[in-house]
Amino acid sequence: MIRNPALAPVEIERLRAIQLSRIAQEETNPNGAAGRVLRPLVFCAAHPYGFISGIGTSASVKALTREDLVAFHQRWIRPDNMKIFVSGDTTLAALLPKLEAAFGSWTPPAGIAKGTKANVAVAQQGQGKIILIDRPKSSQSVIVAGMPIGLKGVDDPIALRIANETLGGSFTSRLNSDLREAKGWSYGVGSGISAGKGDLVFQVTAPVQADRTGDSIQALVENMQAFLGAKPVTPEELQRSINSNTLSLPGDYETAAAVLATVQGNALLGRPDDYIAKLSARYRALTQADIAQAAKTAIDPTKLTWVIVGDAAVVEPQLAKLGLPVEVRRAAPAAAAGK
């Protein structure tokens, strides 16, 4: 299957239909629609992470041919572009003969160069803006905001990830506690730092009641500004996050699959084999100053790009007080009908 996939036309058409169905569902789902709009805005159209969605567009999927898939396989799925990772109750001595039998005679296709990944700079982020996707009669608005943080996955920003736990990365975070527990405008609010080897993004997600959309954005910004300024992480918040991340480590690596994923992650991100063994000590060495500096360097709420999926008739008047430029777009037809 790896060396000589059949890529049978009937299978291609079966999977094409499934993919087109997934795209249609994503376009008409408020969370999916917001995500498809945000990524190209946060990065840029030419950036590898600036794709509309990991499952593509209807036009691109419809245009794919078997020849395209064969060409992709020849450029990317090849022995000079492969590493094999194994985790389990076995040894290299037992495995190597089997791997040699399966892959030892495999050679790259003659005359076809290995694929290379694009190295494109992230677009500079200026003033924040709002994209409002009109979904009439929606009782809830889905708010998603993001910005690149100037760091890559290989930079291993653990201080920033700990900072985000306090801000919006856990159930007890400030964003969730304010909008869910104190104000009652949402069932759950969160923020996160993306994963991956390349450019990282800070993102906020907040499904809120429609008549509080503008107030919710204002509250999110105020919470972020306070965290970056007058109300940085407290000793109690820092200790809670450190405990959460260190005490869970033994349970995180109980299975062969978890060990395998860690080894693959280390290889992807250029980390040493003992990365996890030393992680607890790195967490425990973090200080309030480390957390505050990491957050201030990466997060700027004035530069966030906001995407809102909601009823424009209800939401748009609420946005004027925020002082940000607003662009209104129509939702996909099924979403606009409230389906």
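Since we're looking at a predicted model, the values are computed, not measured.

Participant: How would you sum up the nonpolar core? Please name residues and give values.
Facilitator: Soluble, globular proteins show a tendency: their nonpolar side chains are buried together. Residues F202, L220, M224, I291, W306 and I308 are the most contacted members of the largest nonpolar core, which totals 48 residues. Element by element, the count of residues in this core is highest for helix α8 (residues 213-228), at seven residues. Apart from residues no more than four positions distant in its own chain, L220 is found in contact with L175, L179, V189, V204, A206 and W306. Ranked by size, the runner-up nonpolar core spans 15 residues in total, among them F43, V201, V307 and A331.

Participant: Report on unusual backbone geometry, specifying residues and quantitative values.
Facilitator: One non-glycine residue with positive phi stands out, namely L7, at about 50°. Relative to the helices and strands, L7 resides in the segment before α1 (9-28). Although it is not a glycine, K137 adopts a positive phi angle of roughly 70°. Looking at the secondary structure, you find K137 in the loop between β1 (129-134) and β2 (140-152). Exposure remark for K137: the relative accessible area of 81% places this residue in the exposed category.

Participant: Tell me about the side chain of D178, residues and numbers included.
Facilitator: Mapped onto the fold, D178 is located in helix α7 (residues 174-182). What D178 contacts, discounting residues up to four positions off in sequence, is K183, A219 and N223.

Participant: Tell me what's going on with the confidence of the model for the protein, and back it up with residues and numbers.
Facilitator: Across the protein, pLDDT averages 92, with 96% of residues at or above 70. Mean pLDDT per element in the protein: helix α15 (residues 333-336) is the minimum at 51, and α8 is the maximum at 98. Contacts of residues 335-339 to residues separated by more than four positions or lying in other chains number nine contacts, the stretch itself having pLDDT below 50.

Participant: I'd love a proper account of the sheet that holds β1, names of residues and values included.
Facilitator: Each strand in a sheet pairs with another by means of backbone hydrogen bonds, the pair being arranged parallel or else antiparallel. Spatially, β3-β4-β2-β5-β1-β6 is the arrangement adopted by the six strands of the open sheet, whose pairing is mixed. Here the strands that pair on one side only, and so sit at the sheet edges, are β3 (190-193) and β6 (326-330). Neighbour to neighbour, the strand axes of the sheet diverge by 15° on average, direction disregarded. Against the sheet, α8 touches β2, β4 (199-209) and β5 (305-310), its axis set at about 140° to β4.

Participant: Let's hear about the pairing of β3: which residues, and what values?
Facilitator: Burial along β3 is one-sided: S191 and I193 are buried, while G190 and G192, pointing the other way, are not. As defined by bridge partners, β3 adjoins β4 across four bridges and the pair is classed as antiparallel. By the bridge assignment for β4, S191 is matched with V204. Here β3 folds back onto β4 in antiparallel fashion, the turn holding five residues, of which G196 has a positive phi close to 120°.

Participant: Summarise the packing of aromatic side chains; cite the residues concerned and give the values.
Facilitator: What the rule picks out here adds up to three aromatic pairs. Ring plane angle 35° and centroid distance 5.9 Å describe the contact between F103 and W106, whose orientation is recorded as tilted. Owing to a relative accessible area of 12%, W106 belongs among the buried residues under this scheme. Taking the ring centre of W185 as reference, the NZ or CZ of K183 above it sits at 5.7 Å. For the cation-ring pair, R271 lies above Y275, with the distance from its terminal atom to the ring centre recorded as 4.2 Å.

Participant: So what about the packing of α8 against helix α14 (residues 312-319)? Which residues, and what values?
Facilitator: Direction vectors running N to C along α8 and α14 enclose 45°, while the axes themselves pass 7 Å from each other. Considered as vectors, α8 and α14 are oriented oblique to each other. Only V315, Q318 and L319 of α14 make contact with α8, whose side of the interface consists of T213, G214, D215 and I217. Grouping the amino acids of the contact of α8 with α14 by side-chain chemistry returns three nonpolar, three polar and one charged.

Definitions and cut-offs
- Residues numbered from 1 in each chain as written.
- Predicted model: local features only at pLDDT ≥ 70, side-chain atom pairs only at ≥ 80, totals over all residues.
- Heavy atoms only, no water.
- Core = buried A, V, L, I, M, F, W, Y, C linked by side-chain atoms within 4.5 Å.
- Buried < 20%, exposed > 50% of the residue type's maximum accessible area, 1.4 Å probe, protein only.
- Helix = DSSP H or I, 4+ residues; strand = E, 2+ residues; numbered from the N terminus.
- Contact = heavy atoms within 4.5 Å.
- pLDDT = per-residue confidence, 0-100.
- Pairing = 2+ DSSP bridges.
- Axes fitted to C-alpha atoms, helices over the stretch in contact; angles between N-to-C directions.
- Phe/Tyr/Trp six-rings, centres within 6.5 Å; stacked < 30°, edge-to-face > 60°.
- Lys NZ or Arg CZ within 6 Å of the ring centre and 35° of its normal.
- Parallel < 35°, antiparallel > 145°, perpendicular 65-115°, else oblique.
- Nonpolar A, V, L, I, M, F, W, Y, C, P; charged D, E, K, R; others polar.

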